[in-house]
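Okay, here's what each chain looks like letter by letter:
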Amino acid sequence: MLKITAYADRISCFPGETVDIKVSATGLPAYDAELRRIIQGDINPDGPGYRDELIAVDLGGPFAAREQTIRIGSHGLVDKTARLCPSGSFTLAALIWPTLPGRGRQAIVSAGTAQNGCCLFLDDDAMASVTLTGDGRATTAASGTPCRERAWYVVVASYDMRSGRLSVSQTPVKSFPNIDDLGSSSVPARNHAAPPQAPFRFGATDTEEGFPGCFFNGKIENPRIYDGVHPHETIVKAILGRTATPAPAADWDFAAGMRGDRFSDRGPHRLHGRFLNLPHRAVSGCGWDSGLHRWTEDPASYAAVHFHDDDLYDAGWQTDFTVTLPADLKSGVYAVRLFSHEDAQAEYFVVLAVRARHSRNDVVFVLPTASYMAYANHRLGIDVSETEIGAGQLLQLDRHHLHLQEHPEYGLSMYEVHNDGSGVFYSSRLRPILDFQPKVQGFIGGSGSNIWQFNADTHILGFLEDRGIAYDVLTDEDLDREGVAAFDGYRAVLTGSHPEYTSTRMLDAYQRFLAKGGRVAYLGGNGFYWRIAYSETLPGVIECRRAESGIRGWEPGTGNYWHQFTDELGGLWRRIGRAPQQVFGVGMTAQGFDLSSPYLRNPSSHDPRAAFIFDGIQGDILGDFGLNGGGAAGNEIDRADFSLGTPPHALVLASSRLHTDVYLMTPEDLLDPTPTWSGTQCDLIRADMVFFETQDGGAVFSTGSIAWAGAMAWNGYDNHIAAITENVIRRFTDETPFG
């Protein structure tokens, strides 16, 4: 297991800036730290060899080791105090839609502390219940009837200080014959100190340990507190909007502040609050009738929040030390290496992108950090019985995979589902991301190899170093924040091997850069596939709603297709109307994870416009080698498609053929699931290498394959795939306009 894990407060910075490093270390008395520039991070024995460079800067170690914990589970919090119920009696109410009823105690609304307060919750038997605590005593009432899964209920609890009765009820919003899920009960609870007091929590309660617990799984909408005791039937009507009376003392509106983590109280005391650990917002509520699907058009129908007991946004660790980057540090990919002198296995890298502040090189490499975040801490290879069939080969588990298996608190990737089966909408970098560091082995791709994500992208960095091509680095996060201005001063932009996740501002930036005469080399596959959203108020998090088709392990549910952060329709860029072929010439067409294939040159490769690409290249077979499946075309591959927007003057230079039966086309292309639409005979299963010129002297070169970078690194970068890549970059940095 891993003895050191860590993360930083930022992922991109300029020379001279500071970075806070947050560390948890166990089984060690101390650890040390150093700064290294990452040049080639893959440890595949068939590759060019791991390579980094020590930066001469004192980070202040050694540091005393300490363990820091991660507390998962989302909830809402109001910590402002007000005298809500001067009568001493009160009524609590809310709409709920439980997704895991009967799976332990789950708090709906709680007030005060575990020692002195009240809590409306579902008990172990899924019954609406209420507990009053104080003076060392606790009194509980339960409805007597379990709630059904994924059904809406109005739950109400009240305490009458005069009569000393504690009551609770649950009322289904929709009733069915022979289904009896209406329940209520009342118990004596004399001499309890009553009115609800801060903190107020929604979807969780304070525990004896002083931390939130008893997390709710499901949706909660419009929680309220009333002064005094009111008939539960009257409160049900009020919650469902059938009457405006009585007036609540607190009336929380979860539709307010939708783009961030804040919500409002419409009551007289204005007890506004915030959500912690990012529960799902902009999801359909009790009143949604399928009439409108965009939450901004009907906010009242999207006033529910979907809580999960395994949500995580910010691990909240304390800073162990701060790194001040040297003012003369050149742009590149760096890492703070944490290690132990006593234990060689205790090693962890916190990766950073250092940007160029003023003087810039001609080439900039865009580190696809959004894709790293989408796959962060993924457990795709843990269920080997299923994944090995899909991959067509045995999988390899590294130490970090086993660590994630034992420590679910590190959070989920966007390829997984929550405990209640709902998809993961958000992924954050404010936590240790165990697979975003050099030396980490992948599930597939050969002994010691990581063909996926970060280490595959360092094959490109290592190639640039090998060829002496000066370059700068920036991240997806920079590109989303700054737009096309992030490309100012650069002639050529290089993508990573798998830039799958793209925000609107990112895609706009590429398009505008090309329109100004820029050049883009797309050196990967399955790029620019899903639309994502960054938050303007919450740092370090992305959102993705996998609406309508695409390769996906879950779908967001009807009515939940619009992003919370930006009010944009989620899903495939192709479905949204901006297929990647329109900008890069190619777009996702198929995937397979066993063997990769070579490209075969097409007649258009001999067009004089493409002569510079094939300068010095002999033969028609390209890339019958590589670290990723033994070929340059594989893993996830893209095709040109003139009907989807590949420019009519584009040259399809080469195409792969004869992929194995493991390769299957994307669902968006599989219109009719018959044998003639899938398999190796289908012409759509191919990787296309494409070149075309753009406005004002710009150009695009696309490889259409994740495996391309692994072929570049073959034989120490001494091969014709690397030579083609160098030819493209040298010409793209030449100021001579393309005609």
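The structure we're discussing is the one just above.
Residues numbered from 1 in each chain as written. Predicted model: local features only at pLDDT ≥ 70, side-chain atom pairs only at ≥ 80, totals over all residues. Heavy atoms only, no water.

### A closer look at the overall build of the protein chain
From N to C terminus, the protein chain includes 11 helices and 44 strands. Computed over C-alpha atoms, the radius of gyration of the protein chain comes to 28 Å, within 12% of the 27 Å expected from 2.2 N^0.38 for 739 residues, which places it in the range of a compact globule. For the C-alpha atoms alone, the extent of the protein chain along its principal axes is close to 95 × 60 × 45 Å. In the protein chain, which comprises 739 residues, the proportion classed as buried is 63%. Long-range pairs, those at least 24 residues apart, make up 74% of the contacts in the protein chain between residues at least 6 apart in sequence. (Helix = DSSP H or I, 4+ residues; strand = E, 2+ residues; numbered from the N terminus. Rg over C-alpha atoms; globule rule 2.2 N^0.38 Å. Buried < 20%, exposed > 50% of the residue type's maximum accessible area, 1.4 Å probe, protein only. Contact = heavy atoms within 4.5 Å.)

### Quick word on the environment of Gly585
Of note, Gly585 is situated in the loop between α9 (581-584) and β37 (586-597). Judged by relative accessible area, which is 0%, Gly585 ranks as buried. A C-alpha to C-alpha distance of 43 Å links Gly585 and Glu406, two positions 179 residues apart in sequence.

### Looking at unusual backbone geometry
Geometrically, the link from Ala198 to Pro199 is a cis peptide bond, its omega value of 0° lying close to zero. With respect to the helices, strands and loops of the structure, Pro199 is situated in the loop between β15 (183-188) and β16 (200-202). For the bond running from Thr245 to Pro246, omega is 0°, close enough to zero to count as cis. Within the secondary structure layout, Pro246 lies in the loop between α1 (232-239) and β20 (250-253). In this model, Lys439 sits at a positive phi of 75°, which is unusual for a non-glycine residue. Within the element layout of this structure, Lys439 appears in the loop between β29 (426-428) and α5 (454-467).

### Section: the side chain of Ser89
Within the fold, Ser89 resides in the loop between β7 (75-78) and β8 (90-98). Taking the relative accessible area as the measure of exposure, Ser89 reaches 7% and is therefore buried. Setting aside residues up to four positions removed in sequence, Ser89 forms contacts with Tyr159, Asp160, Met161, Arg162, Tyr226, Asp227, Gly228 and Val229.

### Observations regarding helix α4 (residues 399-406)
Every buried residue belonging to α4 is among His400, His401, His403 and Leu404, and all of these are buried. Down the axis of α4, the sector holding all buried residues measures 160°, keeping them to one side. (Arc of directions from axis to C-beta.)

### Concerning the nonpolar core
One finds Ile613, Phe701, Trp708 and Phe732 to be the most contacted residues of the largest nonpolar core, which totals 64 residues. Broken down by element, the residue count for this core peaks at 6 residues, all from helix α11 (residues 720-732). Discounting chain neighbours no more than four positions away, the residues touching Ile613 are Leu653, Phe691, Phe701, Ile724, Asn727 and Val728. Judged by nonpolar contacts, the second largest core, of 47 residues, contains Leu28, Ile70, Val323 and Phe425. (Core = buried A, V, L, I, M, F, W, Y, C linked by side-chain atoms within 4.5 Å.)

### Side note on the sheet that holds β37
Sheet architecture is open: 3 strands sit in the order β40-β37-β42, paired in antiparallel fashion. The outermost strands of the open sheet, each flanked by one partner alone, are β40 (633-640) and β42 (664-665). Note: β37 against β40, 7 bridges, orientation antiparallel. Directly across from Gly592, in β40, lies its bridge partner Asn635. (Pairing = 2+ DSSP bridges.)

### Here we look at the side chain of Thr207
By the element assignment, Thr207 lies in the loop between β17 (205-206) and β18 (212-213). Within the structure, Thr207 has its side chain in polar contact with the backbone oxygen of Phe211 (distance 2.7 Å). (Polar contact = N/O pair within 3.5 Å; in protein donor to acceptor, adjacent residues only side chain to side chain.)

### Focus: the sheet that holds strand β31 (residues 492-494)
An order of β30-β28-β31-β33-β44-β43-β41-β38-β39 is seen for the 9 strands of this open sheet, with the pairing classed as mixed. In this open sheet, the two strands that pair with only one neighbour each are β30 (471-475) and β39 (621-622). Of the strands in this sheet, β28 (363-367), β31, β33 (519-522) and β44 (699-702) are in contact with helix α7 (residues 504-515), which crosses β33 at around 130°. (Axes fitted to C-alpha atoms, helices over the stretch in contact; angles between N-to-C directions.)

### Regarding the packing of α5 against α11
Where α5 meets α11, the axes come as close as 11 Å, and the angle between the chain directions of the two elements is 70°. By the angle class used here, α5 and α11 are roughly perpendicular. Every residue of α11 that contacts α5 at Phe463, Leu464 and Arg467 is listed here: Ala722, Ala723, Thr725, Glu726, Ile729 and Arg730. Grouping the constituent residues of the contact of α5 with α11 by class yields 5 nonpolar, 1 polar and 3 charged. (Parallel < 35°, antiparallel > 145°, perpendicular 65-115°, else oblique. Nonpolar A, V, L, I, M, F, W, Y, C, P; charged D, E, K, R; others polar.)

### Description of the environment of Ser12
Tracing the backbone shows Ser12 in strand β2 (residues 12-13). Each C-alpha atom of the pair Ser12 and Tyr334 lies 10.0 Å from the other, and the pair is 322 residues apart in sequence. Discounting residues that sit within four places of it in the chain, Ser12 has contacts with Ala353, Arg355, Thr475 and Asp478. Side chain to side chain, Ser12 and Asp478 meet in a polar contact 2.8 Å long.

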